[in-house]
Amino acid sequence: MTDTAVPSYAPSYNDPARPPRKKWRLVRGVWKFLVAIKDALVLIAMLLFFGLIFAALNARQSTTAIKDGALVLDLNGSIVEQPEEQAAFAALSGQSRTRQFRLRDVVRSIDTARTDARVKVVVLDLDSFAGAYPAALGEVGDALARVRASGKPVLAYATAYTDGGYRLAANASEIWVNPLGGTIFMGPGGNQLYYKGLIDKLGVNAHVYRVGRYKSFVEPYTRADQSEDAKAASTALYGTLFAQWREAVAKARPKAQIAQFMSAPDKVILAANGNIAEANLRAGIVDKLGDRISFGRRVAEIAGSDANKPAGNYTAIKYDAWVKANPLPTAGDAIGVLTIAGEIVDGESGPGKAAGKTIEKAVLDGLAKKTLKALVVRVDSPGGSVMASEQIRLAILEAKRQKLPVVVSMGGLAASGGYWVSTPADVIFAEPGTITGSIGIFGVIPTFENALAKIGVTSDGVKTTPLSGQPDITGGTTPMFDAIAQAGIENGYRQFVSRVAASRKMTPARVDEIGQGRVWDGGTARQIGLVDRFGTLQDAIDEAAKRAKLDPAKVHAEYLEKKPGFLATIAQDFGNDGDDDAGGGDAFAHVAADRRQMLARAVGDMKRLATSGSIQARCLECGGMGPTAAGIGDAKLLDMLLARIGF
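Predicted model only: the values in this text are computed from it and were never measured.

Draft legend 1. Quick peek at the environment of Val-72. Mapped onto the secondary structure, Val-72 falls in strand 1 (residues 69-74). Note on Val-72: relative accessible area 14%, which makes it buried. As for Val-72 and Thr-315, which are separated by 243 residues in sequence, their C-alpha atoms are 9.7 Å apart. Setting aside anything within four residues of it in sequence, one finds Val-72 in contact with Val-123, Tyr-314, Ala-316, Ile-317 and Tyr-319.

Next comes the structure, spelled out in structure tokens:
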């Protein structure tokens, strides 16, 4: 037997008891990667923490004591029923957005200023005002008129007033305009974009299924111009609303020579050698010409100023601080107020969109508390998904099953799906300037077989039934599918008509006669029975209290909506910390801004065509009288597109 070598006890690299060197390197690499992730998360957390501190410091005006001065309503955005919630940290990242002011907050701030001795004057800064629907303008204008009637001064300033801005400014004690600016009234109306030519060039087929002679929402995708029916309906609607605008301005400024600026603005301006501001002054449209420093000195005469600050300063009470210092009342019995604002969509969404599941949950959660004595439904929507509209309607009916009075208050608009969700009401309130009706539905399905054929792409396959693969976006729809889809739309319209008929105690034939997608102003809607009374949201709350056998003076509104979280509140406060921004621009700057908003809406329209996937009850004309600013989503989409092409 031969001797064997004594085995070594030093581990070999091939020893299975010890991992190979490559494995150790892999373990060390993974460990370093995890440590790097940990460090990055810590860094992000620290940045967010200090960002929150910075935002909180910038939002400190919310806790600042209110001192005597001028309440400044710097309306550098649009007035809406329910503002869209700003994404957390969007402001911290430098993203800009057009601000949205909640209507009820604006009205409450003005009404409380009227009776509060600390407010010496109300200042309207309308340089960057992006508008509101006529009914909202009327409500804010009436509140300003109440302040003026009380003897408290209201001073307005802008470089150039829009029609909507002047609707508010007309109620001021003094209207100022920059000498290098001036106001030209445009009136409602203008061109609508039509995409039929572009769609044809791209090879896209827009398959449209609709009911309603006046249901014009689909026309931009099927025509190169406006149909005669749609033109007649828009002419009637815009004419009535414009007449209401002129009547309101004449009531507030009886000596203003508005008519000549409407009929022959060129003659008036040429007579002033092209000086628009001077022409405004001569016509009594404005009271004073002056820059911001001069305007500030005038405000300081009433509200006081700080001698250590630059010329033109005055003691100001900021809008956000004032709103927070004057919260909604909470005493008395609760009247639930459900807000249905913005486009009606399926699923869930944040404020500014009426998502079926979100609204349903808000109603059912509110009813489950058993503390509500009545329900007021505040509608400010152009409509949207039929499925979501029905989901919301059924949730509202649950309140009626619990024997609660249901009162609908229509805001700026309650059209199409916005009227669908109003049908459970015991009584419907609206304003003369409310846009409503549009009883009709449609569906659009785009297919791309021609577009694909242009690049040599075709489609084929096996079908087991006549509807296999339908609707086929790559090969087109079949006549059978088209017939079924149209029949479904017609059935949906019959359901819409039957709901309205039952609610308004009309025959289906009568509803069909005033339906057909026709849009009505609130005054006409009341005459034809779609609306019961004129009144504001507060009037609707008072009526709901009476129907619940309660004293309207001893109830409070309990809004059935999700409260913004901590991060959203901080982001909102931080994003709104720009009250001192002058903004604005002359009439040409306003025109340029409007054109950009139109482009943003056009980009959004094309996206909606490509992504729409449900039966819709939506109003096209409603957008022509509302805020000029495009939706936040459309604006972001345009920014992304311009960035991609190098602008």
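Draft legend 2. Looking closely at the sheet that holds strand 9 (residues 316-318). Pairing is parallel across the open sheet formed by six strands, whose spatial order is 8-6-5-4-1-9. Edge positions in the open sheet fall to strand 8 (288-289) and strand 9, since each of these has one partner strand only. Where strand 1 lies against strand 9, three bridges are found, and the strand directions are parallel. Among the inter-strand pairings, Ala-70 is bridged to a residue of strand 9, identified as Ala-316. Here helix 2 (residues 103-115) sits on the sheet and contacts strand 1 and strand 4 (119-125); the angle it forms with strand 1, its principal contact strand, is near 165 degrees. The strands that helix 11 (residues 292-303) touches are strand 1, strand 4, strand 5 (154-158) and strand 6 (174-177); relative to strand 4, the one it contacts most, it runs at about 160 degrees.

Draft legend 3. A look at the pairing of strand 4. Among the seven residues in strand 4, six count as buried, and that is most of the element. When strand 1 meets strand 4, the two strands line up parallel, connected through six bridges. Bridging across to strand 4, Gly-69 finds its partner in Val-119. In terms of strand pairing, strand 4 meets strand 5 through four bridges, oriented parallel. Each residue of the ladder has a partner; that of Val-123, found in strand 5, is Leu-155. In this fold, strand 4 hands off to helix 3 (residues 134-149), which returns the chain to strand 5; that crossover is right-handed.

Draft legend 4. Fine view of a nonpolar patch on the surface. There is a patch of nonpolar side chains on the surface, built from Trp-31, Phe-33, Leu-34, Ile-37, Leu-41, Ile-44 and Leu-48 and spanning about 720 Å² of accessible area. For Leu-41, a relative accessible area of 53% translates into the label exposed.

Draft legend 5. Region of the structure containing helix 17 (residues 479-504). An ideal rise of 1.5 Å per residue puts 38 Å on 26 residues; helix 17 measures up with 37 Å between its terminal C-alpha atoms. Phe-481, Ala-485, Ile-489, Gly-492, Tyr-493, Phe-496, Val-497, Arg-499, Val-500, Ala-501, Ser-503 and Arg-504 are the residues of helix 17 that are buried. One or two positions beyond helix 17, positive phi appears at Lys-505, with a value near 55 degrees.

Draft legend 6. View of helix 14 (residues 386-401). Between its first and last C-alpha, helix 14 extends 22 Å over 16 residues, near the 22 Å set by a 1.5 Å rise per residue. Of all the residues in helix 14, the buried ones are Val-386, Ala-388, Ser-389, Glu-390, Ile-392, Arg-393, Ala-395, Ile-396, Leu-397 and Ala-399. One side-chain oxygen of the residue at the start of helix 14 lies 3.3 Å from the amide nitrogen of Met-387, identifying that residue as Ser-385. Positive backbone phi, at 65 degrees, marks Lys-403, one or two positions downstream of helix 14.

Draft legend 7. Geometry of the packing of aromatic side chains. One pass over the full model with this rule turns up twelve aromatic pairs. Ring geometry for Phe-101 and Tyr-319: centres 5.6 Å apart, planes at 70 degrees, overall edge-to-face. Within this pair, whereas Phe-101 is found in strand 3 (residues 99-102), its partner Tyr-319 is found in helix 12 (residues 319-325), the two being separated by 218 residues in sequence. As far as burial versus exposure is concerned, Phe-101 and Tyr-319 are alike and both buried.

Draft legend 8. Region of interest: the nonpolar core. In this structure, Leu-75, Leu-126, Val-140, Tyr-161, Tyr-166, Leu-168 and Ile-285 are the most contacted members of the largest nonpolar core, which totals 54 residues. Ranked by residues supplied to this core, first place goes to helix 3 with six residues. In contact with Leu-168, not counting residues within four places along its chain, are Leu-75, Leu-124, Leu-126, Phe-129, Leu-137, Val-140, Gly-141 and Leu-144. Residues Val-379, Val-408, Ala-430 and Val-531 belong to the second largest nonpolar core, which totals 51 residues.

Procedures and definitions
Residues numbered from 1 in each chain as written. Predicted model: local features only at pLDDT ≥ 70, side-chain atom pairs only at ≥ 80, totals over all residues. Heavy atoms only, no water. Helix = DSSP H or I, 4+ residues; strand = E, 2+ residues; numbered from the N terminus. Buried < 20%, exposed > 50% of the residue type's maximum accessible area, 1.4 Å probe, protein only. Contact = heavy atoms within 4.5 Å. Pairing = 2+ DSSP bridges. Axes fitted to C-alpha atoms, helices over the stretch in contact; angles between N-to-C directions. Right-handed = clockwise from strand over helix to strand, strands pointing away. Patch = residues over 30% accessible without salt bridge, like charges linked within 9 Å, V, L, I, M, F, W, Y side chains within 5 Å. Areas by Shrake-Rupley, 256 points an atom, 1.4 Å probe, with all protein chains shown as cover. Salt bridge = Lys/Arg side-chain N within 4 Å of Asp/Glu carboxyl O. Expected span 1.5 Å × (residues − 1). Polar contact = N/O pair within 3.5 Å; in protein donor to acceptor, adjacent residues only side chain to side chain. Phe/Tyr/Trp six-rings, centres within 6.5 Å; stacked < 30°, edge-to-face > 60°. Core = buried A, V, L, I, M, F, W, Y, C linked by side-chain atoms within 4.5 Å.

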